[in-house]
Amino acid sequence: LTTQQVNLRLILVSGKTQDFIFSPSDSAMDIAKHVFDNWPLGWEEEQVSSASILRLIFQGRFLHGNVTLGALKLPPGRTTVMHLVARETLPEPNSHGQRNREKTAESNCCLLL
């Protein structure tokens, strides 16, 4: 793992995790496609039909497809934890009704490594 690489630990709603290495120029869409194309062993029950419905959640917020890892200012050399969920559409920003129903998909805890 070089300082130019980002180690992402993706967590499914089921609690299963998998680590992946990406570059800062990779976008949320690139990550979803890579994970879909390289679906981990042990995640068979969570297999989805299309990369386009995979969404990343970072610090309680959905990442839109064109956001790059570099833009998130992630700490280099550290493992960053994100949630991976299957959703057809993204909630509108600041739609509190959606967020309140979504509480189960969010985590407010921190993982210090």
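- The name an unreviewed UniProt entry assigns to the protein is Ubiquitin-like protein, from the organism Oncorhynchus mykiss.

**What to know about unusual backbone geometry**
- Phi at Gln59 is positive, roughly 50°, even though this residue is not glycine.
- Looking at Gln59, the relative accessible area reads 62%, which means it is exposed.
- Located in the positive-phi region is Lys73, a residue other than glycine, with phi close to 55°.
- Tracing the backbone through its elements, the reader meets Lys73 in the loop between β4 (61–62) and β5 (79–86).

**Details of the pattern of salt bridges**
- Counted by the stated rule, this structure contains 3 salt bridges.
- In this structure, Arg9 and Asp19 form a salt bridge, with 2.7 Å as the shortest nitrogen-oxygen distance. Of this pair, Arg9 sits in strand β1 (residues 6–11) while Asp19 sits in strand β2 (residues 17–22), placing them 10 residues apart in sequence.
- The closest approach of N and O atoms between Asp37 and Lys33, which form a salt bridge, is 2.8 Å. Taken together, the residues span about one helical turn, with Asp37 and Lys33 both in helix α1 (residues 28–37) at a distance of 4 residues.

**Topic: the environment of Val85**
- In this structure, Val85 sits in strand β5.
- Between the C-alpha atoms of Val85 and Phe62, which are 23 residues apart in sequence, the distance is 9.6 Å.

**A short note on the packing of aromatic side chains**
- What the rule picks out here adds up to 3 aromatic pairs.
- Consider the rings of Trp39 and Trp43, whose centres lie 5.3 Å apart with planes at 75°: the pair is edge-to-face.
- On the accessibility criterion, Trp43 (2% relative accessible area) is buried.
- An aromatic cluster of three or more residues is present, and its members are Phe20, Phe22, Trp39 and Trp43.

**Some remarks on the environment of Gly60**
- Residue position: Gly60 is located in the loop between β3 (54–58) and β4.
- Judged by its relative accessible area of 13%, Gly60 is buried.
- Remark: the alpha-carbon pair of Gly60 and Met82, spanning 22 residues in sequence, is separated by 9.0 Å.

**Comments concerning the nonpolar core**
- Counting residues in hydrophobic clusters, the biggest one holds 22 residues, and the most contacted among them are Leu10, Val35, Met82 and Leu84.
- Of all elements in the fold, only β1, β2, α1, β3 and β5 reach the threshold of two or more residues within this core.
- The leading source of residues in this core is α1, at 4 residues.
- Discounting chain neighbours no more than four positions away, the residues touching Leu10 are Lys16, Thr17, Gln18, Phe20, Ile31, Val35, Trp43, Leu56, Met82 and Leu84.

About the cut-offs
Residues numbered from 1 in each chain as written. Predicted model: local features only at pLDDT ≥ 70, side-chain atom pairs only at ≥ 80, totals over all residues. Heavy atoms only, no water. Buried < 20%, exposed > 50% of the residue type's maximum accessible area, 1.4 Å probe, protein only. Helix = DSSP H or I, 4+ residues; strand = E, 2+ residues; numbered from the N terminus. Salt bridge = Lys/Arg side-chain N within 4 Å of Asp/Glu carboxyl O. Phe/Tyr/Trp six-rings, centres within 6.5 Å; stacked < 30°, edge-to-face > 60°. Core = buried A, V, L, I, M, F, W, Y, C linked by side-chain atoms within 4.5 Å. Contact = heavy atoms within 4.5 Å.

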